[in-house]
Amino acid sequence: MAIKRVGVIGCGLMGSGIAQVAAQAGFPTIVVEANEALLERGLGGLRATLDGLAARGKLEARAKDEILGHVRGTVHLEDLSDVDLVVEAITENQPVKNETFARLDRICPPHAILASNTSSCNVTAMAAATKRPEQVLGLHFFNPVPLMKLVEVARTILTSEATVTTATEWVRALGKVPVQTKDSTAFIVNRLLVPYLLDAVRIYEGGIASLEDIDQAMKLGCGYPMGPFTLLDLVGLDTAMFVAEVMFEEFREPRYAPPPLLKRMVMAGHLGRKSGRGFYSY
Ligand code: NAI
């Protein structure tokens, strides 16, 4: 099966980006939000991004109109009754995601593939909430979606080979690079990245080096584009702590446990760039 029509649920940070890249690749895309105000905010953000690209000469006005012409917004999940693939990008909450997958299963055509962009929820539980678990998988995009090339294609023990093949081809059609992984909490990238970030906090907490020197060391010593504290501030300390807690819950290994300093910074409201202060001030 080839994917022709796409549905995206949630038009926040990730959903709007996924809708944008799907529309840019020529797929008619329906975006579902929780209510009209959120839909307008999400689609407004998508329009502003494309306007910005056009203003900087990176997108022709005609191409911009064509992309916007491929996107339709709705607040009714029922409008996904004729799509071939859905990418769910709603709030990171397992029960809400499970319920959404159960509803999608009743609404979408029998052949449709149901994918989740979750970072840390259990895709197998979402699959089990449907009567088509072999057509459910994770498609984990990276922020900002239009710029980041990688998509982790995460199969559960129930996902069929045909589903993985079709979804992987669709990821390539978006101009992205797929990597294959299993539905295991945090997949590949966060499984490696999160303990690294937590260790950086532990080194700082232990008084071994300054923030600036740890960042500088990882940039110049490993060739990373930014150091761990710059990255933590960008990701959001609350988001990093949330993912770490889910990983600790799953694997029960101390290296995934959020260090005391990280917890206290979140309690203090020092969440990173978004709150104006994290490990650095903005
Ligand atoms: P967000 O909070 O920016 O967007 C979520 C959107 O979903 C909101 O606009 C909300 O109104 C909407 N929503 C919630 N429930 C809904 C429902 N029942 N029906 C329709 N819309 C609904 O969150 P973000 O950052 O876009 O994350 C979305 C998903 O993507 C999460 O599962 C997250 O783990 C995952 N993700 C996030 C990344 C990031 O860097 N923020 C990276 C990769 C994955």
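A brief report on the enclosed structure follows. Everything numeric here is computed off the predicted structure, so don't read it as measured data. (Residues numbered from 1 in each chain as written. Predicted model: local features only at pLDDT ≥ 70, side-chain atom pairs only at ≥ 80, totals over all residues. Heavy atoms only, no water.)

## Regarding the pattern of salt bridges
- By the definition in use, this model includes 12 salt bridges.
- A salt bridge links Glu78 to Arg103; its shortest N-O distance comes to 3.4 Å. In this pair, Glu78 sits in the loop between strand E3 (71-74) and strand E4 (85-88) while Arg103 sits in helix H4 (residues 94-107), placing the two residues 25 residues apart along the sequence.
- The class of Glu78 is partly exposed, set by a relative accessible area of 43%.
- Of the charged contacts in the structure, one is a salt bridge between Lys97 and Glu88, with a shortest N-O distance of 2.5 Å. (Salt bridge = Lys/Arg side-chain N within 4 Å of Asp/Glu carboxyl O. Helix = DSSP H or I, 4+ residues; strand = E, 2+ residues; numbered from the N terminus. Buried < 20%, exposed > 50% of the residue type's maximum accessible area, 1.4 Å probe, protein only.)

## Some words on the layout of surface pockets
- Size it by volume and the second largest pocket reaches roughly 170 Å³.
- Every residue along the wall of the second largest pocket is listed here: Gln20, Gln24, Thr49, Leu53, Lys58, Leu59, Pro144, Pro146 and Leu147.
- Mapped by element, the contributors of at least two residues to the lining of the second largest pocket are helix H1 (13-24) and helix H2 (36-55).
- Its residues assigned to classes, the lining of the second largest pocket comprises 5 nonpolar, 3 polar and 1 charged. (1 Å grid on protein atoms, 1.4 Å probe; cavity = no way out; pocket = protein on both sides within 12 Å on 5 of 7 lines; lining within 4 Å. Points joined across faces, edges and corners; volume = space filled by probe spheres on them. Nonpolar A, V, L, I, M, F, W, Y, C, P; charged D, E, K, R; others polar.)

## Points about the packing of aromatic side chains
- For the coordinates displayed, the defined rule picks out 6 aromatic pairs.
- Plain terms: the ring middles of Phe251 and Tyr256 are 5.4 Å apart, the flat faces sit at 45° to each other, and that makes the pair tilted.
- Judged by relative accessible area, which is 0%, Tyr256 ranks as buried.
- Above the face of the Phe251 ring, Arg191 is positioned so that its terminal group lies 4.1 Å from the ring centre. (Phe/Tyr/Trp six-rings, centres within 6.5 Å; stacked < 30°, edge-to-face > 60°. Lys NZ or Arg CZ within 6 Å of the ring centre and 35° of its normal.)

As far as function goes, none of this settles anything; it's purely spatial.
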